[in-house]
Amino acid sequence: MPRPLGELEDAVMTRVWKWNRPVTVREVLEDLQQERSIAYTTVMTVLDNLHQKGWVRREAEGRAYRYEAVSTRAAYAAALMNDAWSQSDNPAAALVAFFGMMSEEQRQALRDAVRIVQGPEETREAPEARQQEAAEAGQQEAVEAGQEENPGSAGGAAGR
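What counts as what
Residues numbered from 1 in each chain as written. Predicted model: local features only at pLDDT ≥ 70, side-chain atom pairs only at ≥ 80, totals over all residues. Heavy atoms only, no water. Salt bridge = Lys/Arg side-chain N within 4 Å of Asp/Glu carboxyl O. Helix = DSSP H or I, 4+ residues; strand = E, 2+ residues; numbered from the N terminus. Buried < 20%, exposed > 50% of the residue type's maximum accessible area, 1.4 Å probe, protein only. Contact = heavy atoms within 4.5 Å. Core = buried A, V, L, I, M, F, W, Y, C linked by side-chain atoms within 4.5 Å. Axes fitted to C-alpha atoms, helices over the stretch in contact; angles between N-to-C directions. Parallel < 35°, antiparallel > 145°, perpendicular 65-115°, else oblique. Phe/Tyr/Trp six-rings, centres within 6.5 Å; stacked < 30°, edge-to-face > 60°. Lys NZ or Arg CZ within 6 Å of the ring centre and 35° of its normal.

Chemist: So what exactly am I meant to see when it comes to the pattern of salt bridges here?
Modeler: Oppositely charged side chains are able to pair whenever their charged atoms sit close together. A full pass over the atoms with the stated rule returns 13 salt bridges. Between Arg 73 and Asp 10 there is a salt bridge, with the nearest N and O atoms lying 3.1 Å from each other. Taken together, the positions of Arg 73 in helix H4 (residues 73–86) and Asp 10 in helix H1 (residues 7–19) put the pair 63 residues apart, joining distant regions of the chain. Given the relative accessible area of 24%, Asp 10 is considered partly exposed.

Chemist: Just to check I follow, could you spell out the side chain of Asp 31 for this structure?
Modeler: Here Asp 31 is to be found in helix H2 (residues 25–32). For Asp 31, the contacting residues outside a window of four places in its chain are Arg 15, Lys 18 and Trp 19.

Chemist: Even after reading the chapter, I still don't get the nonpolar core, so can you show me in this structure?
Modeler: Soluble globular proteins: nonpolar side chains tend toward being buried together. In terms of nonpolar packing, the biggest core is built from 21 residues, with Val 12, Met 13, Val 43, Leu 47 and Leu 50 touching the most fellow members. Where this core is concerned, the elements lending two or more residues are H1, H2, helix H3 (40–52) and strand E2 (64–69). At five residues, the largest contribution of residues to this core is made by H1. Setting aside anything within four residues of it in sequence, one finds Val 12 in contact with Val 28, Leu 32, Val 46, Leu 47 and Leu 50.

Chemist: Explain the packing of H1 against H3 here, please?
Modeler: Helix packing for two helices is described by the angle between their axes and how far apart those axes are. Their axes nearest at 10 Å, the elements H1 and H3 cross at an angle of 80°. The angle between the axes of H1 and H3 places the two elements in the roughly perpendicular class. Mapping the contact onto sequence places Leu 8, Glu 9, Val 12, Met 13 and Val 16 in H1 and Thr 42, Val 46, Leu 47 and Leu 50 in H3.

Chemist: Would you mind going over the packing of aromatic side chains with me for this structure?
Modeler: Any two aromatic rings considered together are summarised by their centre-to-centre distance and by the angle between their planes. By the definition in use, this model includes four aromatic pairs. Centre to centre, the rings of Phe 98 and Phe 99 are 6.2 Å apart; their planes meet at 50°, and the pair counts as tilted. The class for Phe 99 is partly exposed, based on a relative accessible area of 30%. Among the aromatic side chains, those forming a connected cluster through ring pairs are Trp 17, Trp 55 and Tyr 76. Taking NZ or CZ as reference, Arg 58 lies 4.1 Å from the ring centre of Tyr 65, over its face.

Here it is, written out as structure tokens:
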């Protein structure tokens, strides 16, 4: 995965993703100027850098370019989460701790996403009992990991 976007790169990409169409430097500049003082050449350089890094593609239009996102913000966020999770020495504990930080709405979105990925029940490869067993094992590991980090806490990472 490419490195995470910097603050200005993210501000520019936010607009490209939000508008979901090819954009010009001028359009991005005018929108950014509502929040901060920024030069045309700065926005042009950022978009050129994003093109060099593979975040946007561009097409010439006269003497300028129109830039378009190569992937979605959701794909970017997923890649960041996957990268962070893959660096954990205890992925199950990391997931339990992450789930503990989520709001109820986020947990419901997660449940919906899991249902979409798993597909209809009759096509699932792992029976419900094995999935439940795996989830409980991951939760127990997270509780133990949380207690090692915070011996005085009653619930550790899973108690959030």
